[in-house]
2 protein chains.
Amino acid sequence: MRSSTEYIEKLRKSGLRPTKQRITICELLFNTDKTFHFTINDLTKIIEFNSNQKISLATVYNTIHAFQKKGYLKEIAINSSQTYFDTNISAHHHFFDEKEKKLIDLEDEDVYPIKIKKTIPGKKIKSVEVLVKIDKI
Amino acid sequence: MRSSTEYIEKLRKSGLRPTKQRITICELLFNTDKTFHFTINDLTKIIEFNSNQKISLATVYNTIHAFQKKGYLKEIAINSSQTYFDTNISAHHHFFDEKEKKLIDLEDEDVYPIKIKKTIPGKKIKSVEVLVKIDKI
DNA sequence: ACATTACTTTAGAATAATTATAAAATTGGT
DNA sequence: ACCAATTTTATAATTATTCTAAAGTAATGT
Ligand SMILES: [Mn+2]
Ligand SMILES: [Mn+2]
Ligand SMILES: [Zn+2]
Ligand SMILES: [Zn+2]
């Protein structure tokens, strides 16, 4: 359980005003050792059940996008009707269970290093992400 | 330029009735040596400019999903407002240029083989896809 | 503390890709 | 030709996300 003053500092340093809503969302996202994956819909429910506050949907979207731009969240590329975000911002890969619609982290040691031999003139690599789709045996 | 009778056969064998619309879409998608990536929006324009026929949007969606289910198309996992499809159905990876919103194939020899060490009990791997996001240097 | 300004939140409307509906058209088999 | 099953179509519905603009809050200077 980190103190909210820590998030106030973090937000201020990022040029984001530490509002009640942002602090609440920080607490719900980052006040845990475990990182996790979520959709906006998931987060809305988390807020509903774990805080006394009602935060408007627009603010949830605004906040998540602001946090993502600041690098506090990662967006995971999968084809889904909803966008997935990750509180684990380290470079890592994923399993995706399409039935359960759940992401599972692959740690660095779970995947042999990826080497891309091809280059595109005038372009540089921004990220390399592996998505492993899994299914019932 | 393949003959349309070839597509009629292909469709019949798949249990899909060879309708005018499906044959047209087959011709536009598969009558070329080069494979390519497209969205439904792209395909709609391709149909408009390269066939005398008007195919309703619902039919375009229906047909593409039918072809995908039969394995004639692959859906590419990226976060975009539109779904991308690929006429290259071989297992392969992609560059994605987020500015241009364009996919570029990575050939097998462009990427060292991916090895996943982690396993999930009761689950088997269905696919392994690498997405390399690129940007202006 | 008060005033001023900039930023943020909010409810609700708008947008846009995709899916559903159900009637009309087409296909394949007899 | 006839019939049943499938397909196409126009249109409506759905739904995640973004936009809008008014009201609220935070930061800053006096
Ligand atoms: Mn987004
Ligand atoms: Mn789809
Ligand atoms: Zn993750
Ligand atoms: Zn491809």
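Since we're looking at a predicted model, the values are computed, not measured.

Enquirer: For this particular structure, what's the right way to read the packing of helix 2 (residues 20-30) of chain A against helix 4 (residues 57-69) of chain A?
Expert: To characterise two packed helices, one gives the angle between the axes of the helices and the distance between these axes. Residue and element names in this part refer to chain A. With their axes 11 Å apart at the nearest point, helix 2 and helix 4 run at an angle of 65° to one another. Here helix 2 runs over helix 4; the crossing is right-handed. Listed contacts from helix 4 to Gln21, Arg22, Ile25, Cys26, Leu29 and Phe30 of helix 2 are Thr59, Val60, Thr63, Ile64 and Phe67. Here the residues of the contact of helix 2 with helix 4 sort into 7 nonpolar, 3 polar and 1 charged.

Enquirer: Hey, could you run me through the relation of the copies chain A and chain B in this one?
Expert: Of the transformation superimposing chain A on chain B, the axial component is 0.0 Å and the angular component is 180°, with the fit at an RMSD of 0.0 Å. Taken together, the rotation and translation relating the two chain copies correspond to the operation of a two-fold axis. Taking C-alpha positions as the reference, the residue of chain A nearest the rotation axis is Val130(A), at 2.2 Å. Take the interface residues of chain A: 100% of them recur as interface residues in chain B, which is what a same-surface contact looks like.

Enquirer: What is the right way to read the protein's contact with DNA strand D from this model?
Expert: Close to DNA strand D lie 21 residues; Tyr61(A), His65(A), Thr83(A), Thr19(B) and Gln21(B) are nearest. When the atoms of DNA strand D within 4 Å of the protein are grouped by moiety, sugar and phosphate amount to 80% of the total. Contact distances for DNA strand D include 3.3 Å between a phosphate oxygen and a side-chain N or O atom of Lys54(B). Counting residues per element, the surface near DNA strand D draws most heavily on helix 4 of chain A, at 4 residues. Looking at the surface near DNA strand D, its residues break down into 7 nonpolar, 9 polar and 5 charged.

Enquirer: How should the interface of chain A and chain B be read in this particular structure?
Expert: Contact residues are listed per partner, giving 39 residues for chain A and 39 residues for chain B. Both sides together, the interface formed by chain A and chain B hides about 3900 Å², and carbon and sulfur atoms give 55% of it. Counting the surface chain A buries against chain B, the share from its top three residues, Asn79(A), Lys123(A) and Lys133(A), is 16%. If you look at where chain A meets chain B, you find 4 salt bridges.

Enquirer: Explanation requested: the protein's contact with DNA strand C in the structure shown.
Expert: Around DNA strand C there are 21 residues in total, and Thr19(A), Gln21(A), Tyr61(B), His65(B) and Thr83(B) lie nearest to it. The sugar and phosphate moieties of DNA strand C supply 77% of its atoms located within 4 Å of the protein. Thr19(A) has a polar side-chain atom sitting 2.5 Å from a phosphate oxygen of DNA strand C. Thr59(A) places a side-chain nitrogen or oxygen 2.9 Å from a phosphate oxygen of DNA strand C. Listing elements by their share of the surface near DNA strand C, those giving two or more residues are helix 2 and helix 4 of chain A together with helix 4 (57-69) of chain B. The dominant element in the surface near DNA strand C, judged by the number of residues it contributes, is helix 4 of chain B, at 4 residues. Class assignment for the residues of the surface near DNA strand C results in 7 nonpolar, 9 polar and 5 charged.

Enquirer: It is not clear to me how the environment of Thr35(B) should be interpreted in this structure. Could you clarify?
Expert: All names here are of chain B. Summarising the element assignment, Thr35 is placed in the loop between helix 2 (20-30) and strand 1 (37-38). The spacing of Thr35 and Ile137 is 102 residues in sequence and 27 Å in space, taken between C-alpha atoms. Look past the residues within four positions of Thr35 in its chain and what remains in contact with it is Thr87, Asn88 and Asp105.

Enquirer: Would you explain the packing of aromatic side chains in this entry?
Expert: The relation between two aromatic rings is expressed through the spacing of the ring centres and the mutual angle of the planes. All names here are of chain A. Scanning all chains against the criterion turns up 10 aromatic pairs over all chains. Where Phe30 meets Phe67, the ring centres are 6.1 Å apart and the plane angle is 35°; that geometry is what we call tilted. Here Phe67 lies in helix 4 and Phe30 lies in helix 2, a separation of 37 residues in the sequence. Classification of Phe30 as buried rests on a relative accessible area of 10%.

Enquirer: What's the story with the side chain of Asp97(A) in this structure? I'm lost.
Expert: Considering the arrangement of structural elements, one finds Asp97(A) in strand 4 (residues 93-97). Asp97(A) gets classed as buried once you look at its relative accessible area, which sits at 5%. Side chain to side chain, Asp97(A) and Lys123(B) meet in a polar contact 2.6 Å long. Sequence-distant contacts of Asp97(A), that is, excluding residues within four places in its chain, are made with Lys102(A), Ile134(A) and Lys123(B).

Rules behind the numbers
Residues numbered from 1 in each chain as written. Chains lettered and ligands numbered in written order. Predicted model: local features only at pLDDT ≥ 70, side-chain atom pairs only at ≥ 80, totals over all residues. Heavy atoms only, no water. Axes fitted to C-alpha atoms, helices over the stretch in contact; angles between N-to-C directions. Helix = DSSP H or I, 4+ residues; strand = E, 2+ residues; numbered from the N terminus. Left-handed = near helix turned anticlockwise from the far one by under 90°. Contact = heavy atoms within 4.5 Å. Nonpolar A, V, L, I, M, F, W, Y, C, P; charged D, E, K, R; others polar. Least-squares fit on C-alpha atoms with pLDDT ≥ 70 in both. Near = heavy atom within 4 Å. Polar contact = N/O pair within 3.5 Å; in protein donor to acceptor, adjacent residues only side chain to side chain. Buried area = accessible area lost by both parts, 1.4 Å probe. Salt bridge = Lys/Arg side-chain N within 4 Å of Asp/Glu carboxyl O. Phe/Tyr/Trp six-rings, centres within 6.5 Å; stacked < 30°, edge-to-face > 60°. Buried < 20%, exposed > 50% of the residue type's maximum accessible area, 1.4 Å probe, protein only.

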